[in-house]
Amino acid sequence: MLLNGVRWDGTSRSMDQGISGLERAMTFSLKESVHLVSDPANLDGSVDEVFRLMLGVNCLRQSKEPSSHAKAEEESVTAVVGFGGALSGACVFRCDARTAMSVAAHMTGMEFQEIDDTVKDGIGEICNMLAGAWKGKVPELAANCGLSVPAVITGRDYNLHVQSPQFQLHHRYSFIDAHFDVTIVCDSLQ
Amino acid sequence: MNEVRTLIVDDSSVMRKIVERALRQAGLDSLVVLEANNGAEGLDLLRSKQVDLILSDINMPSMDGLEFLRQIQAQKLAQNVPVVMITTESSEEHVKQAIQAGAKGYIRKPFTAEQVKERVLSLLTTA
């Protein structure tokens, strides 16, 4: 069967198979649909949806390319949610401490003075929802790509490195006076 | 509406707060919330507490939401209590698995308070 250019044999799966189970069950190809999967509009739409519904704010995509290097003296928060199955890779959300506290404040209605566990939890959930919304834009990915639980990293003067991804989307967005970066890294497509 | 004892199962404390707030916005002022961090903690609570409604995430460490649902059925806990899954997983396959495991409703993250109201109030009035 061919669905939107994606070959599919209808093999059923169970979430409790986990990511490795999904990989074993995969018998179709998304490679022919890389233009759909890597469409930048999908990421913009996902960011808009998550921030509008969960924080009640509108985000604008910035034309300036985000830097992959944070300022050394500035504390930053990075959340990573891994993709497995039809697509291997990760969704990465990165912002400075002030933006992280603002995001958590909008989510919870609380005020934060430091990057505590609640702030980290909130940023992890934002990344989780962005990853879920992004893969949900392509039905074959929604059904055949699993998500890891979020990992959150905080600190100063660190960089994230990826080795020759198949494709990468790297966008900067802003809301009110805060800004953040979202990166989709695709290591491989089945 | 009478007191509604609700179990919210999610590994994110922020999401549990957001779900609780959405329930209150849905008009459930007399809400009593029990919280669990994963399916195993949820089962422990159900062994000792009675609830009227369960809202559960799917992707959680220790015991995920689908296994939590299966164990509720297998251990005959919270019988006839509606379970609504709240999750980032939104494919038809995931919805089908949740319904097969016993879920009565499905809410995709991100969600609005209106969506929560729509799903939950109809289940409470028919329960």
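Residues numbered from 1 in each chain as written. Chains lettered and ligands numbered in written order. Predicted model: local features only at pLDDT ≥ 70, side-chain atom pairs only at ≥ 80, totals over all residues.

### What to know about the pairing of strand 3 (residues 53–56) of chain B
Residue and element names in this part refer to chain B.
Now for step 1: Here strand 3 shows a buried face lined by Leu 53 and Leu 55 and a second buried face lined by Ile 54 and Ser 56.
Now for step 2: Sheet topology note: the strand 1 (residues 4–9)/strand 3 ladder contains four bridges and is parallel. From the neighbouring strand, Ile 8 faces strand 3, where its bridge partner is Leu 55.
Now for step 3: Pairing between strand 3 and strand 4 (residues 83–87): three bridges, direction parallel. Note on strand 4: the bridge partner recorded for Ile 54 is Val 83.
Now for step 4: Handedness of the crossover joining strand 3 and strand 4 through helix 3 (residues 65–74): right-handed. (Buried ≥ 20, exposed ≤ 12 C-beta atoms within 10 Å, placed from the backbone. Helix = DSSP H or I, 4+ residues; strand = E, 2+ residues; numbered from the N terminus. Pairing = 2+ DSSP bridges. Right-handed = clockwise from strand over helix to strand, strands pointing away.)

### Here's the deal with the confidence of the model for chain B
Residues shown with low pLDDT carry predicted positions that ought not to be read at fine detail.
Residues and elements named next belong to chain B.
Now for step 1: Per-residue confidence for chain B gives a mean pLDDT of 91, with 98% of residues at or over 70.
Now for step 2: Within chain B, no element has a lower average pLDDT than helix 5 (residues 113–126), which sits at 86, and none a higher one than helix 2 (residues 39–48), at 97.
Now for step 3: On the interface metric, ipTM, the complex scores 0.89, and its pTM is 0.86. (pLDDT = per-residue confidence, 0-100.)

### Notes on the environment of B:Leu69
All names here are of chain B.
Now for step 1: By secondary structure assignment, the location of Leu 69 is in helix 3.
Now for step 2: Separated by 14 residues in sequence, Leu 69 and Val 83 have C-alpha atoms that sit 8.1 Å apart.
Now for step 3: If near-sequence neighbours (up to four positions away) are discounted, Leu 69 is found in contact with Val 83, Ala 101, Gly 102 and Ala 103. (Contact = placed C-beta atoms within 7 Å.)

### A word on the nonpolar core
Residue and element names in this part refer to chain A.
Now for step 1: Counting 83 residues, the largest nonpolar core has Phe 93, Ile 123, Cys 127 and Leu 130 as the members making the most contacts within it.
Now for step 2: For this core, the leading source of residues is helix 5 (residues 117–136), giving nine residues.
Now for step 3: When neighbours within four sequence positions are excluded, Phe 93 is seen to be in contact with Thr 78, Ala 79, Ile 123, Ile 126, Cys 127, Leu 130, Phe 180 and Val 182. (Core = buried A, V, L, I, M, F, W, Y, C linked by C-beta atoms within 7 Å.)

### Digging into the sheet that holds strand 5 (residues 105–108) of chain B
Residues and elements named next belong to chain B.
Now for step 1: Pairing within the open sheet is parallel, and its five strands lie in the order 2-1-3-4-5. Looking at which strands have only one partner, the edges of the open sheet turn out to be strand 2 (31–36) and strand 5. Sheet twist, expressed as the mean angle between neighbouring strand axes with direction ignored, is 20 degrees.
Now for step 2: Most of the contacts of helix 2 go to strand 1, to which it runs at about 155 degrees, and overall it touches strand 1, strand 2 and strand 3. (Axes fitted to C-alpha atoms, helices over the stretch in contact; angles between N-to-C directions.)

### Thoughts on the packing of helix 2 of chain B against helix 3 of chain B
Residues and elements named next belong to chain B.
Now for step 1: Where helix 2 meets helix 3, the axes come as close as 9 Å, and the angle between the chain directions of the two elements is 25 degrees. On the basis of their axis angle, the class for helix 2 and helix 3 is roughly parallel. For the crossing formed where helix 2 meets helix 3, the hand is right-handed. Contact residues: helix 2 offers Gly 39, Gly 42, Leu 43 and Leu 46, while helix 3 offers Gly 65, Glu 67, Phe 68, Gln 71 and Ile 72. (Parallel < 35°, antiparallel > 145°, perpendicular 65-115°, else oblique. Left-handed = near helix turned anticlockwise from the far one by under 90°.)

### A look at helix 5 of chain B
Now for step 1: End to end, helix 5 of chain B covers 20 Å across 14 residues, agreeing with the expected 20 Å (1.5 Å per residue, within 8%).
Now for step 2: On the buried face of helix 5 of chain B, the contacting elements are helix 1 (13–25), strand 3, strand 4 and strand 5 of chain B. (Expected span 1.5 Å × (residues − 1).)

### A few points about helix 4 (residues 97–108) of chain A
Now for step 1: Spanning twelve residues, helix 4 of chain A covers 16 Å between terminal C-alpha atoms, matching the ideal 16 Å at 1.5 Å per step.
Now for step 2: Considered for burial, the residues of helix 4 of chain A that qualify are A:Thr99, A:Ala100, A:Met101, A:Ser102, A:Val103, A:Ala104 and A:Met107.
Now for step 3: On its buried face, helix 4 of chain A is in contact with helix 3 (40–55), strand 4 (76–85), strand 5 (87–96), helix 5 and strand 9 (178–189) of chain A together with helix 1 of chain B.
Now for step 4: A:Gly109 sits one or two positions beyond helix 4 of chain A and adopts a positive phi of about 80 degrees.

### Digging into unusual backbone geometry
All names here are of chain B.
Now for step 1: For the bond running from Lys 109 to Pro 110, omega is 0 degrees, close enough to zero to count as cis.
Now for step 2: Mapped onto the fold, Pro 110 is located in the loop between strand 5 and helix 5.
Now for step 3: Positive phi, close to 50 degrees, is recorded for Lys 76, a residue that is not glycine.
Now for step 4: Here Lys 76 lies in the loop between helix 3 and strand 4.
Now for step 5: The exposure class of Lys 76 is exposed, given the 7 C-beta atoms found within 10 Å.
Now for step 6: With a phi close to 65 degrees, Asn 80 is a non-glycine residue in the positive phi region.
Now for step 7: With respect to the secondary-structure elements, Asn 80 resides in the loop between helix 3 and strand 4.

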